[in-house]
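Residue-level listing of the chains:
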Amino acid sequence: MITPKKILKMKKDGIKISALAAYDYSSAKYSDEAGIDIILVGDSAAQVVMGYDSTVKISMNEMKVFTKAVVNGVKNALVVADMPFLSYSLFDEGVKNAGEFIKLGARAVKIEGANEYILSLIKRLTTSGIPVMGHLGFTPQYINTIGGNFIQGKNVKHAEIILNDAKKLQEAGVFSIVLEMIPDVCAKYISENLEVPVIGIGAGKYTDGQILVINDVIGKFDGFSPKFARKYADTKDIITKSVLKYIEDVKTGDFPNVAESFRLEDDEYEKFKAYTNKIRIESTD
């Protein structure tokens with residue numbers, strides 16, 4: 001079973017970390033069986049599962065449902081639950097909500113940002129036995145403050161700010177940091193100057209690992225597709241063609257066939273025929 005400690009060791013050993021954001025039992029199960037290192041129950045479920053237009057709209061209760069589903073499908077990977085928008089705006093509530101995810105079976109939580117409040121919360125969580133993954137660069141929960149889906153760290157000054165924030169997160173006790181949407185050379189510089197692993201998403205090839213949303217990887221989500229998301233399959237096309245064929249088979253009577261139906265044993269069938277004939281005769285009298 002993969003633990004935060006093993007994730008830290010992977011960086012020391014120079015082993016790239018593979019991570020996916022997933023939200024349901026089967027996706028988590030198949031990813032786990034394939035050997036994925038980390039499964040993040042991301043608040044991106046807001047868009048790709050719930051159909052919201054922003055991650056800020058997903059609730060703690062919804063995230064708990066997705067987390068439990070993922071946990072039920074995983075035996076080896078490290079399950080990390082995303083702390084949704086406003087679930088940690090109050091200190092005690094943040095500790096309580098993080099604890100709820102751990103009680104459901106997640107073995108770590110992810111928190112965006114690195115202000116003094118966040119750093120204090122991370123210290124409290126880690127000293128309480130709750131491992132924390134940090135998140136810097138583009139932070140979706142701050143989209144209304146940032147003003148849109150903009151690349152971060154586009155100049156030396158901003159890259160230095162992100163590095164300093166990352167060092168603060170490291171000091172606070174995180175076991176890894178997601179670095180989103182920053183130039184590859186900046187991500188490389190940050191990764192090389194930290195002891196904890198940096199897992200990139202839209203941050204180039206030089207980070208200690210990569211994370212993508214499984215719905216993007218398998219081509220299931222047909223909404224906005226970011227530049228950095230590589231599609232390995234076209235599940236949308238498979239689903240659409242399968243449903244179209246199913247509709248056709250239902251309309252033409254081809255589905256279900258004899259093999260797909262349950263039948264009475266011969267003696268019971270004869271009894272059933274006799275019974276229906278009797279009912280038919282009585283109804284005509």
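A quick note: this is a predicted structure, and the numbers were derived from the prediction, not measured.

A. Focus on the packing of helix α5 (residues 91–104) against helix α6 (residues 116–127). Orientation of α5 relative to α6, taken along the N-to-C sense of each, is 45°, at an axis distance of 10 Å. With respect to α6, the axis of α5 lies oblique. The two elements α5 and α6 cross, and the hand of that crossing is right-handed. Side by side, α5 and α6 meet where F91, D92, G94, V95 and A98 of the first sit next to Y117, S120, L121, R124 and L125 of the second. Partitioning the contact of α5 with α6 into residue classes produces six nonpolar, two polar and two charged.

B. Layout of the confidence of the model for the chain. Per-residue confidence for the chain gives a mean pLDDT of 92; residues scoring 70 or more make up 93%. Counting interchain partners and residues more than four positions distant, the pLDDT-below-50 stretch residues 144–148 has five contacts.

C. Just helix α8 (residues 156–172), in detail. Over its 17 residues, α8 extends 24 Å from the first C-alpha to the last, a length consistent with the 24 Å expected when each residue adds 1.5 Å. Along α8, the residues that are buried comprise A159, I162, L163, A166, L169 and A172. For α8, the elements touching its buried residues are α6, β5 (132–137), β6 (176–180) and α9 (184–192). Phi turns positive, to about 120°, at G173, one or two residues after α8.

Rules used in this analysis
- Residues numbered from 1 in each chain as written.
- Predicted model: local features only at pLDDT ≥ 70, side-chain atom pairs only at ≥ 80, totals over all residues.
- Heavy atoms only, no water.
- Axes fitted to C-alpha atoms, helices over the stretch in contact; angles between N-to-C directions.
- Helix = DSSP H or I, 4+ residues; strand = E, 2+ residues; numbered from the N terminus.
- Parallel < 35°, antiparallel > 145°, perpendicular 65-115°, else oblique.
- Left-handed = near helix turned anticlockwise from the far one by under 90°.
- Contact = heavy atoms within 4.5 Å.
- Nonpolar A, V, L, I, M, F, W, Y, C, P; charged D, E, K, R; others polar.
- pLDDT = per-residue confidence, 0-100.
- Expected span 1.5 Å × (residues − 1).
- Buried < 20%, exposed > 50% of the residue type's maximum accessible area, 1.4 Å probe, protein only.

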